[in-house]
Amino acid sequence: MISDKMKPLLNNNSTIRAMFEEGMRLRSLVGEENVFDFSLGNPNVPAPKAVGEAIKKLVDTVDPVTLHGYMPNAGFPDVREKLADHLNRLHGTSFTGRNLIMTVGAASGLNILLRTLLNEGDEVIVFTPYFMEYGAYARNYGGTVREVPTDQKTFLPDMEAFRAALNARTKVVIINTPNNPTGVIYGEEVLKALAAALKETEEKYGTDIVLLSDEPYRELAYDGTPVPYVTKFYHNTIVCYSYSKSLSLAGERIGYLLIPDEVTDAQTVIDATIIANRTSGMVNAPALMQKTVAEVADTDISGTVSYYDRNRTYLYDHLTRLGFDCVYPAGAFYLWMKAPIEEKAFVELCKKHYVLVVPGSSFSGPGCVRIAYCVSYERLCGSIRAWEEIASEVFAK
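On a predicted model such as this, the values are computed, not experimentally measured, just so you know.

Procedures and definitions
- Residues numbered from 1 in each chain as written.
- Predicted model: local features only at pLDDT ≥ 70, side-chain atom pairs only at ≥ 80, totals over all residues.
- Heavy atoms only, no water.
- Axes fitted to C-alpha atoms, helices over the stretch in contact; angles between N-to-C directions.
- Helix = DSSP H or I, 4+ residues; strand = E, 2+ residues; numbered from the N terminus.
- Parallel < 35°, antiparallel > 145°, perpendicular 65-115°, else oblique.
- Left-handed = near helix turned anticlockwise from the far one by under 90°.
- Contact = heavy atoms within 4.5 Å.
- 1 Å grid on protein atoms, 1.4 Å probe; cavity = no way out; pocket = protein on both sides within 12 Å on 5 of 7 lines; lining within 4 Å.
- Points joined across faces, edges and corners; volume = space filled by probe spheres on them.
- Nonpolar A, V, L, I, M, F, W, Y, C, P; charged D, E, K, R; others polar.
- Phe/Tyr/Trp six-rings, centres within 6.5 Å; stacked < 30°, edge-to-face > 60°.
- Buried < 20%, exposed > 50% of the residue type's maximum accessible area, 1.4 Å probe, protein only.
- Lys NZ or Arg CZ within 6 Å of the ring centre and 35° of its normal.

A. Examining the packing of helix 3 (residues 49-61) against helix 11 (residues 287-296) more closely. The contact between helix 3 and helix 11 brings their axes to 9 Å, and the two run at 125°. Of the possible angle classes, the one that applies to helix 3 and helix 11 is oblique. Of the two possible hands of crossing, helix 3 and helix 11 adopt the one that is right-handed. Here A50, V51, A54, I55, K57 and L58 of helix 3 come into contact with helix 11, specifically with L288, M289, K291, T292, E295 and V296.

B. Quick look at the layout of surface pockets. Reported here for the second largest pocket is a volume of approximately 390 Å³. Along the wall of the second largest pocket there are 20 residues; nearest its centre are H86, L90, E219, A297 and I301. Mapped onto the lining of the second largest pocket, the elements with two or more residues apiece are helix 5 (77-91) and helix 12 (302-321). Looking at the lining of the second largest pocket element by element, the count peaks at four residues for helix 5. Class assignment for the residues of the lining of the second largest pocket results in 11 nonpolar, five polar and four charged.

C. A look at the packing of aromatic side chains. All told, the structure shown has 19 aromatic pairs when counted by the stated rule. On the numbers, 4.9 Å between centres and 85° between planes, the contact of Y241 with Y243 is edge-to-face. Like Y243, Y241 is buried. With centroids separated by 5.2 Å and ring planes inclined at 25°, the aromatic side chains of Y241 and Y256 adopt a geometry described as stacked. One end of the pair, Y241, is in strand 7 (residues 237-242); the other, Y256, is in strand 8 (residues 255-258), and 15 residues separate them in sequence. The pair formed by Y241 and Y256 is uniform in burial state, with each residue classed as buried. Across the ring face of Y377, the terminal group of R310 is positioned such that the distance to the ring centre comes to 3.7 Å.

D. Structural detail: the packing of helix 6 (residues 105-117) against helix 10 (residues 266-279). It is at 8 Å that the axes of helix 6 and helix 10 come closest, and there the two elements cross at 120°. One way to sum up the angle between helix 6 and helix 10 is to call them oblique. Between helix 6 and helix 10 lies a crossing of right-handed hand. On helix 10, the residues touching S108, I112, L113, R115 and T116 of helix 6 are V269, A272, T273, A276, N277 and T279. Split into classes, the residues belonging to the contact of helix 6 with helix 10 amount to five nonpolar, five polar and one charged.

E. Fine view of empty space enclosed by the protein. Taken as a whole, this structure holds one cavity of 30 Å³ or more when the rule is applied. Considering only enclosed or pocket space, the largest cavity measures out at about 100 Å³ in volume. Along the wall of the largest cavity there are 15 residues; nearest its centre are F127, P129, Y130, N179 and Y186. Going through the elements one at a time, strand 3 (123-127) and strand 5 (170-176) are the ones with two or more residues in the lining of the largest cavity. The greatest single-element share of the lining of the largest cavity, amounting to three residues, is contributed by strand 5. Class assignment of the residues belonging to the lining of the largest cavity gives a composition of 10 nonpolar, five polar and no charged.

Right under this line is the structure:
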């Protein structure tokens with residue numbers, strides 16, 4: 001009954017989601033307090049109070065036909081202008097509402113953009129380890145994924161390998177900073193090096209290559225680490241953003257694409273992406289959430305960042321004390337750990353102690369696991385005894 005295209009996806013269903021569902025099963029068997037689920041990047045911090053206040057105000061003051069009705073496929077014009085102004089204040093840019101397309105979260109934004117850009121056989125470069133759905137999104141539109149390694153100490157792009165991978169079929173390069181799953185942030189030097197290599201390749205082959213910056217974790221950066229705005233480094237940069245993590249609105253599915261005027265044939269790309277948004281079935285981003293994020297874009301989320309920062313340092317300090325080898329994350333809310341034994345065996349051992357982590361192979365990073373520390377601090381503290389038991393088993397061998 002199902003299509004041939006869906007069969008491999010069915011056979012390789014998301015390990016992250018599968019582990020999340022396994023957590024639900026275990027909780028029903030042994031109790032919530034005994035299961036430590038670090039599988040899914042589902043924010044534990046509640047949405048800022050300003051979000052609820054904005055929703056109430058909008059419901060009470062805005063005409064319901066307007067608030068809940070259709071609008072231009074790119075989104076409410078006033079929302080797009082407000083968000084453009086917000087970005088300009090933050091980054092010293094000069095965007096207008098025309099440069100933004102409101103999307104049904106980042107996943108929708110990535111899909112409609114790749115649909116707009118890719119021809120059959122075009123290549124999409126990703127840096128390992130990476131969010132594996134990128135591959136599915138590219139293949140949705142005939143794209144081919146080319147994986148490029150990162151330095152295994154810094155997890156920054158291997159520039160020599162990147163230059164070797166670039167070719168006449170390269171159409172999109174996806175970066176994700178702060179990064180899921182490593183927590184690494186790409187600094188100015190890295191972005192300049194990427195931009196230089198892309199410009200050289202465009203000139204060599206007479207092509208256009210889009211640097212697609214996927215930024216759902218932009219605000220979740222620690223220790224004052226800057227997260228440079230990528231549009232300043234390369235002319236064909238397009239930004240995909242989501243409010244899922246910064247405002248804890250993962251289930252509301254709201255974000256945007258930013259297509260600057262510097263992009264080659266920018267207006268044509270904008271127009272085509274708006275059409276892709278409609279014809280892919282999204283039609284438009286959720287109306288109430290569009291209005292809401294425009295109201296709260298300037299909300300201070302330092303408390304949210306501090307919460308995750310405490311989790312970060314607490315978990316990292318305890319796990320490294322126990323002998324585990326982890327990357328100290330500069331941003332996002334994931335800890336990337338080297339599996340001390342064979343990866344699958346380690347995931348199963350953790351599960352035996354009711355600790356749920358995601359195998360690194362799910363991110364094309366074999367031999368590691370990802371730990372999502374966007375859980376309550378109390379649950380994090382409660383997990384240490386289980387981690388101690390796991391450590392005693394693996395390091396005693």
